Amino acid sequence: MIAVLPGDGIGPEVTREAVRALTAAAEKTGTALKFEELPFGGQAIDETGGPLPDATLAACRRAHAVLLGAVGGPRWDALAPEVRPERGLLGLREELGTFANLRPVRLPASKSFVSPLREDLAGGGFDLLVVRELTGGLYFGDKRRWQEDGVEGAMDVMSYAAPEIERVARIAFALARSRSGRLTSVDKANVLVTSRLWRDVVGAVARDYPDVRLDHMYVDNCAHLMVRDPRRFDVILTENTFGDILSDLGGGLVGSLGLLPSASLGEGGPAIYNPVHGSAPDIAGRGVANPVGAILSAAMLARLSLGHEDMAGLIEEAVWRTLDHARPADLASGDGRRPTSTGAFGDAVVEAILGGEQQGETGRGRPGRDGWPAIERRLQM
Ligand code: NAD
Ligand code: IPM
Ligand code: MN
């Protein structure tokens with residue numbers, strides 16, 4: 001069973017297309033899939049009083065994987081941090097122990113025209129991978145807000161324990177090994193003591209991966225070089241907050257945040273798959289959201305949690321082929337052609353999947369909950 005948490009804003013709009021793509025790929029490959037839709041985020045606050053209802057969490061724990069849309073919106077922005085929709089997302093990551101967040105920043109060379117970068121930088125396309133630590137750092141440290149002698153103050157504590165760094169570093173090294181063998185660890189070691197520890201631990205893990213070329217870079221310079229010289233990067237490993245920011249920058253590189261998928265992996269239970277973008281209240285309800293990030297997240301789910309490389313390949317091929325002739329509004333070229341609506345883009349993807357050639361090897365074994373060992377194998381670790 002796949003737990004589907006559409007969430008708020010454009011979450012339900014793009015998740016619907018991701019489920020349709022997954023269903024079409026399952027049909028094409030003769031795979032049986034079951035979905036269970038659950039309230040989450042702002043929608044769950046309205047229905048149940050909290051962003052992560054017990055029944056939703058229980059269903060996620062039972063699931064083979066979680067497919068999520070996005071949460072949040074102005075309607076819930078005035079709520080206290082501990083009861084906001086976003087807290088539901090952090091709670092889900094924490095409860096499922098998904099400490100490694102994989103955010104591929106990909107654009108095939110044939111689609112480089114949607115990138116805002118110059119042809120000489122974007123022409124070859126992009127294929128970076130941001131590996132973001134997801135259950136530590138500022139997001140999960142102590143928080144406090146106070147008033148003293150009429151002056152307000154607040155703090156968020158950033159802390160990391162060495163094992164938290166080591167486990168995500170090992171995943172990044174293994175992924176770098178299976179790709180180009182280059183890994184950039186990003187920190188702020190010139191200022192932050194957590195970054196000093198980060199650098200030490202990553203350096204120690206590097207001894208187990210002598211074939212991976214590791215370099216360390218300050219996060220400010222990384223933001224600069226990702227735009228100026230994106231080809232110098234392959235796998236980027238970084239802590240929670242820096243990874244949040246650099247991955248949105250990746251969205252800018254390829255032309256829109258709406259293109260980026262993600263997978264959040266832990267060592268035990270089901271993984272979470274969702275587009276990198278948020279609930280986009282500015283465009284919600286108009287049927288104009290780009291569903292590509294959500295659909296590519298479904299492909300990652302098929303590959304990593306179901307072991308169905310065949311389904312993943314079909315979905316990815318279908319997305320790129322659809323972009324040959326259809327462009328959602330965020331990628332509209334200003335050439336006067338009408339942008340393609342979310343639903344029409346999803347229709348074209350489904351059609352391309354059903355009419356597509358099966359790519360790669362067929363799915364090994366059952367779409368089962370064989371958990372971390374299987375995901376590890378599928379990541380080629
Ligand atoms: P956002 O990612 O929702 O939107 C940023 C900009 O990108 C907006 O202009 C939006 O229209 C555009 N955009 C995003 N996704 C798009 C898509 N698929 N197609 C076309 N355009 C797209 O970020 P934000 O505006 O800073 O945040 C809005 C809300 O989403 C906030 O409540 C925030 O907390 C929440 N949020 C949730 C998640 C999540 O659930 N994973 C992630 C990020 C932000
Ligand atoms: C993301 C989002 C979340 C984050 C928010 C909504 C909590 O921005 O997944 O990138 O900061 O992790
Ligand atoms: Mn973010």
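All values derive from a computational prediction rather than experimental measurement. (Residues numbered from 1 in each chain as written. Chains lettered and ligands numbered in written order. Predicted model: local features only at pLDDT ≥ 70, side-chain atom pairs only at ≥ 80, totals over all residues. Heavy atoms only, no water.)

## Points about the confidence of the model for the protein chain
On average, the protein chain scores 94 in pLDDT, and the residues at 70 or more come to 94%. Per-residue pLDDT stays below 50 along residues 363-369; that stretch engages in 20 contacts with residues further than four places along the chain or on separate chains. (pLDDT = per-residue confidence, 0-100. Contact = heavy atoms within 4.5 Å.)

## What to know about empty space enclosed by the protein
For the structure shown, the criterion picks out 2 cavities of 30 Å³ or more. Of the volumes computed, that of the second largest cavity is approximately 30 Å³. Every residue along the wall of the second largest cavity is listed here: Met-158, Tyr-160, Thr-194, Ser-195, Trp-198 and Glu-239. For the lining of the second largest cavity, the residue count by class is 3 nonpolar, 2 polar and 1 charged. (1 Å grid on protein atoms, 1.4 Å probe; cavity = no way out; pocket = protein on both sides within 12 Å on 5 of 7 lines; lining within 4 Å. Points joined across faces, edges and corners; volume = space filled by probe spheres on them. Nonpolar A, V, L, I, M, F, W, Y, C, P; charged D, E, K, R; others polar.)

## A short note on the site of ligand 1
Inspection of the region around ligand 1 gives 21 residues, with Val-71, Glu-86, Gly-278, Ala-280 and Asp-282 positioned closest. Val-71 has a polar backbone atom sitting 2.8 Å from an oxygen atom of ligand 1. The backbone of Gly-73 places a nitrogen or oxygen atom 3.3 Å from an oxygen atom of ligand 1. With the chains in place, 70% of the 790 Å² that ligand 1 exposes on its own is no longer accessible. Looking at the shell around ligand 1, its residues break down into 10 nonpolar, 8 polar and 3 charged. (Near = heavy atom within 4 Å. Polar contact = N/O pair within 3.5 Å; in protein donor to acceptor, adjacent residues only side chain to side chain. Areas by Shrake-Rupley, 256 points an atom, 1.4 Å probe, with all protein chains shown as cover.)

## Looking at helix α6 (residues 162-178)
Under the 1.5 Å per step criterion, the end-to-end length of α6 is 24 Å for 17 residues, consistent within 8% with the ideal 24 Å. Turning to α6, its buried residues are Ile-165, Val-168, Ala-169, Ile-171, Ala-172, Phe-173, Ala-174, Leu-175 and Ala-176. (Helix = DSSP H or I, 4+ residues; strand = E, 2+ residues; numbered from the N terminus. Expected span 1.5 Å × (residues − 1). Buried < 20%, exposed > 50% of the residue type's maximum accessible area, 1.4 Å probe, protein only.)

## Describing the side chain of Thr-342
Position of Thr-342 among the secondary structure elements: in helix α12 (residues 342-355). Residue class for Thr-342 comes out buried when judged on its relative accessible area of 4%. Here the side chain of Thr-342 touches Val-288 through a polar contact of 3.4 Å, landing on its backbone nitrogen.

## Section: the site of ligand 2
The immediate surroundings of ligand 2 are formed by Glu-86, Arg-93, Arg-103, Arg-132, Tyr-139 and Asp-244. Arg-103 is positioned with one of its side-chain polar atoms (N or O) 2.9 Å from an oxygen atom of ligand 2. Computed on the free molecule, ligand 2 has an accessible area of 320 Å², of which 78% lies beneath the protein chains in the complex. According to the grid-proximity analysis, the pocket containing ligand 2 is the largest pocket. Classifying every residue of the shell around ligand 2 gives 1 nonpolar, no polar and 5 charged. Counting the residues that make up the shell around ligand 2, at least three belong to each of domain 1 (1-109 + 270-381) and domain 2 (116-254). (Sits in = over half its atoms within 2 Å of the grid points. Domains from an automatic or database assignment.)

## Things to note about the domain arrangement of the protein chain
Segmentation of the protein chain into domains returns domain 1 (1-109 + 270-381) and domain 2 (116-254). Opposite the 21 residues of domain 1 that make contact, domain 2 presents 28 residues. In this assembly, domain 1 packs against domain 2 so that about 2,200 Å² is buried in total across both faces, 66% of it on carbon and sulfur atoms. Among the residues domain 1 hides against domain 2, the three largest losses belong to Phe-99, Arg-103 and Val-105. Together they make up 33% of the total. For the pair domain 1 and domain 2, the number of links is 0 salt bridges. On the surface where domain 1 and domain 2 come into contact, there are 6 residue pairs in polar contact (both at pLDDT 80 or more). If you list the elements that add at least two residues to the side of domain 1 that touches domain 2, you get α4 (85-96) and β4 (100-107). Looking at the side of domain 1 that touches domain 2 element by element, the count peaks at 8 residues for β4. (Buried area = accessible area lost by both parts, 1.4 Å probe. Salt bridge = Lys/Arg side-chain N within 4 Å of Asp/Glu carboxyl O.)

## Details of the pairing of strand β3 (residues 65-70)
Among the 6 residues that make up β3, 6 are buried, leaving the element largely enclosed by the rest of the structure. With 5 bridges joining them, strand β1 (residues 2-7) and β3 adopt parallel strand pairing. Bridge pairing links Gly-7 to Ala-70 in β3. Pairing between β3 and strand β12 (residues 271-273): 3 bridges, direction parallel. Each bridged residue has a counterpart across the sheet, and for Ala-65 the counterpart in β12 is Ala-271. (Pairing = 2+ DSSP bridges.)

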